[in-house]
Every structure is written in structure tokens, then in C-alpha cells.
Amino acid sequence: MKGKVSKTMVIYDTVSHPLQSSGLPVVQILEIEMPAQMLSAANVHGSNDLDMNLHLTHDDTARRNFLVAFKQRVNLTMGGEIRQLFEAAVAPDLEKLAGRKLSDTDKADRKLAKAALEETHLYKAWAALTYISQGMMWEIVDGVLNHDFARLQKAFDMINARPGKLGTLTLNPNLKLPRNISKTEIHRQPGGFCFERHDTDIMAGARYNGGGLMYSAGRGRKAVAGQSGGDFVLSVLSERYPDFKPMRILELGCGTGRNTPSYKQLLPDAVVHAIDIAPGLLRWAHAFAESEGQAVHFHQMDATALDFPNESFDLVVSHIMGHETTQRGLPMWVGEAWRVLKPGGAAFHVDVPNQTGYLKLADQVMNDWQVRFNGEPFWMGWADANLKQIMRDHGVPDDALFAEYIKRGEGGLWFCHGARKPKTWSTAGRRAA
Ligand SMILES: C[S@@+](CC[C@H](N)C(=O)[O-])C[C@H]1O[C@@H](n2cnc3c(N)ncnc32)[C@H](O)[C@@H]1O
């Protein structure tokens, strides 16, 4: 193949792109993050016997390629132009009027920046196109599912009917779901995470995966060839705590479980549990783990009120869950993660890098727009949260906690927070003398 070929492209070439059943080479999108389970999973974990990848027709592929290029243009090019406009013209004008420098951490200045940017044609165009592209994304996903969903549901039912499954799926129809998550169309996903028409429905999972792929690519995220979320977390942990060998692992907010089986694969002797509130996502996660040949125990549970006893896990992780939790829920699940950790255990939460202290005002204004109009209701609460303080409020000692940006592969930056519970920690909630 001619032209620029990225590492990610090599993956596409060798495994044949799962979203492309037409057999045509993928030439348009060279830098696109592929969540592991959107790849032909046989190449990622080695044992997949269930094809849970969406099958795209030639025309679906064309629509997908257009959408990703469109989103990249809006997110990256126009987003960059808004930043430039703000720094070069809007901020200097505001500063002249105010007679002082603007501060990136002052919410009143965020308001000033928002009011001024909203008057510009560029910002208005960015907002309109962002809105349109997100709607198009879900139309494309549903267009694929219109012809491919029956096959996916059949594959799921087949796995579900198998005797001798490796892991388990425990749904709790009596669980009181947090309404501002279960009744909100987060990411504007049709029906939201908790969409469910019958008791084996995997539609929410199918949509989440289809949309997630295009969304990440549209933000210009690159895959780290062959590296799962589990690889990332475990490699950072082993650098920090060389003596750390988790035997009981819990993932919070596992969604469709795109990272979950990798923990079991990397640590075959460990017992892996994962929870989420959304049944359609959990069904998908369970089938995916089974098809990967990995024993994982999935539970429908609220991370803010875990059913697990104190000190029952060596490692509690989450991947991009924090920014999807409410301001009230955030400190609650951080506390629950700490409660269920054994002494010597570690909590490690990976999330989107949009903390206020790190973002310029123009980006804060664009994020605030996403909260109001684009299905990201908790982004700003998350961005403004002081994770270190939340952990301290739960009694986590300062020398045990961290909240920082960590680079993942080429260009990928994540906000990670967590703590290691001192080995001498007593159940009374303090270090033993
Ligand atoms: C952006 S998704 C991330 C899913 C998955 N970890 C991934 O990396 O694709 C956030 C997930 O958090 C879950 N979630 C939000 N609040 C929760 C809560 N209180 N308890 C359990 N899960 C929750 C949502 O249902 C959703 O699956």
C-alpha cells in the first residue's frame, strides 16, 4: 500500500478491518483508535470464537470514513482555530476591558470567555457542526445495526446458552439505577446506556461499541498497537510498586468490557470481577469475555454502593467512568473503591484529560458546551473536581495518593488518580501503629 502507513494501519491491513466486510482496503483513516474488541479479536487476545465486530457494507464504510474525517476536522482543526482565536484576539480584548489577566482556574473568567466566544462565527459553526456530527454518528451506527443486529444478538444468545461458561453474569433487576445516568442519553446514544427492550437485549452494547469507535477516532486518538487498557494500568502499577501482585481485581463501570478480559489474560491466576449499572452493556461484556476465553464475573451494581465487603480486592480500577458520574456520585464511588481495597492494595482510575487546572479557558468553554448540548452532562463537574481532596476526605493519606496526567503510547494523555492502601492499614481506617 502506498502513502503514510501508521502502526494502526498495519493492524488494519493484517487483520482486515472489522468494520469493513466489503473487502476494500481501508485507505482513508490511518490514525484511528481501535478499542480492542473492535479489532478482529483473534489478533488481540488470541482466542476469539465469536464475531462481535460490526459488519459494515461498502456504503456503511464510506459513511464511517466520511464521519471520522468530518469529526476530526471539527474537533481538531476547528477546535485548534478556536483556541488560536481566543488567545490572539478574544482574551486580549477581555483583558483590556477587565484591566487584568484572565485566569484559567477562575470560573468567573470562564463565564466571560464563554460569553465572548459565543459571539464569534467560528465558535457558532464549531458548535453546530459538532452537534450535527454526533447525530450523524448515531445514524450511521443504527444504519449498520439495522442489517447486522440480528446476527450479533444470535451470536450473544449462542454464547449465553453454552454449558460450562468460564465466568458469570449476575444482573439485578431490583437495583435502583441512578436516574441521571440511566435516563440520560449520555453521548446522545439513542436510548442511553440502560436501553433495554427484553431480558437478553444487547442493543445498548452494540450501539456503545459502534459509536465509541468513531467517537475516539474523531477525536484523533491513536491506538497503541496491541496494548489494552489492562496493559497500560498494570505496567504503570508495576513501575510504581514493583512488589505489587494483585490476585483479586475489580473493575468499576466496565461498560461493554473492552478492557476487562485483558486483566485476566495478563494475570491468569487472578480472580476478576467487574460491575456496571447498564444491563445491555454487561451482557455484551460477559459474552465478549467468554468469547475471549477469559473468566470474568460481571455484576449489575452501583459503584456508589458496592455489595462487596471491606478489604476484598487487591486492585480496583476504572476506565473513563469518572467523567460519566454525577457530582454527588463521584466522591461516593471513590470512597467505595478505597473501602473494598485490602491493605497493600491499589486503586487506579484512568480518565479523560480535561481537568480544569490543565485546560485553557477556550477548551473549558468548548467542554461546557458539550455538557449542555452534546450528551456529556457530567464533564464539567468532573473537570472541576479535586480528586486529591476527595481521596483525602475519605482518609486516604497524602503520601499514598496520586492524581496526575500519564502518557499512554504516542500522543495519548490520560488523567489518572488513585492510591495505594498502606500495608499497615487497619480496618478502623487508619495506619496501624
Ligand atoms: C464511558 S463508559 C466507560 C465504559 C468502559 N469502562 C470503557 O472503557 O469503555 C462509563 C461507564 O460507567 C458506567 N457507570 C456510570 N455510573 C455508574 C455507577 N454509579 N455505577 C456503575 N457504573 C456506572 C456507565 O454505565 C458506563 O458503562
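Residues numbered from 1 in each chain as written. Predicted model: local features only at pLDDT ≥ 70, side-chain atom pairs only at ≥ 80, totals over all residues.

Membership of the largest hydrophobic core comes to 68 residues, with the highest contact counts inside it found for Ala-204, Leu-252, Leu-281, Ala-285, Val-316, Ala-337 and Ala-347. No other element matches helix 9 (residues 279-291), which puts seven residues into this core. Beyond its immediate stretch of four places on either side in the chain, Ala-285 contacts Cys-254, Gly-255, Thr-256, Gly-257, Thr-260, Ala-274 and Phe-298. Membership of the second largest hydrophobic core comes to 15 residues, among which are Phe-86, Ala-91, Trp-126 and Leu-361. (Core = buried A, V, L, I, M, F, W, Y, C linked by C-beta atoms within 7 Å. Buried ≥ 20, exposed ≤ 12 C-beta atoms within 10 Å, placed from the backbone. Helix = DSSP H or I, 4+ residues; strand = E, 2+ residues; numbered from the N terminus. Contact = placed C-beta atoms within 7 Å.)

Right, let's talk about the site of the ligand for a bit. Around the ligand, 22 residues are found, and the nearest of them are Gly-253, Gly-255, Ala-303, His-319 and Glu-324. Partitioning the shell around the ligand into residue classes produces eleven nonpolar, seven polar and four charged. (Near = placed C-beta within 6 Å. Nonpolar A, V, L, I, M, F, W, Y, C, P; charged D, E, K, R; others polar.)

The next point concerns the packing of helix 3 (residues 107-117) against helix 11 (residues 361-373). Each pair of packed helices gets described by two things: the angle between the helix axes and the distance between those axes. Where helix 3 contacts helix 11, the axes come no closer than 9 Å and their chain directions differ by 75°. The orientation of helix 3 with respect to helix 11, classified from their angle, is roughly perpendicular. Together, Asp-109, Arg-110, Ala-113, Lys-114 and Leu-117 of helix 3 and Leu-361, Ala-362, Gln-364, Val-365 and Asp-368 of helix 11 make up the contact between the two elements. (Axes fitted to C-alpha atoms, helices over the stretch in contact; angles between N-to-C directions. Parallel < 35°, antiparallel > 145°, perpendicular 65-115°, else oblique.)

The next thing to look at is the environment of Asn-160. By the secondary structure assignment, Asn-160 is in helix 4 (residues 121-161). Excluding anything up to four places from it in sequence, Asn-160 contacts Thr-200 and Ala-287.

In the predicted model, the protein carries a mean pLDDT of 86, and 85% of its residues have values of at least 70. The model gives residues 1-48 a pLDDT under 50, and that stretch makes 92 contacts with residues more than four places away or in other chains. (pLDDT = per-residue confidence, 0-100.)

Moving on, we get to the pairing of strand 4 (residues 296-300). Burial runs high along strand 4: four of the five residues are buried. In the sheet, strand 1 (residues 168-170) pairs with strand 4 via three bridges, with the strands oriented parallel. Within strand 4, the residue paired with Thr-170 across the bridge is His-299. Both strand 3 (residues 271-276) and strand 4 contribute to a ladder of five bridges, which runs parallel. Within the sheet, the bridge partner assigned to His-273 lies in strand 4 and is His-297. A crossover connection joins strand 3 to the parallel strand 4 through helix 9; in handedness this β-α-β unit is right-handed. (Pairing = 2+ DSSP bridges. Right-handed = clockwise from strand over helix to strand, strands pointing away.)

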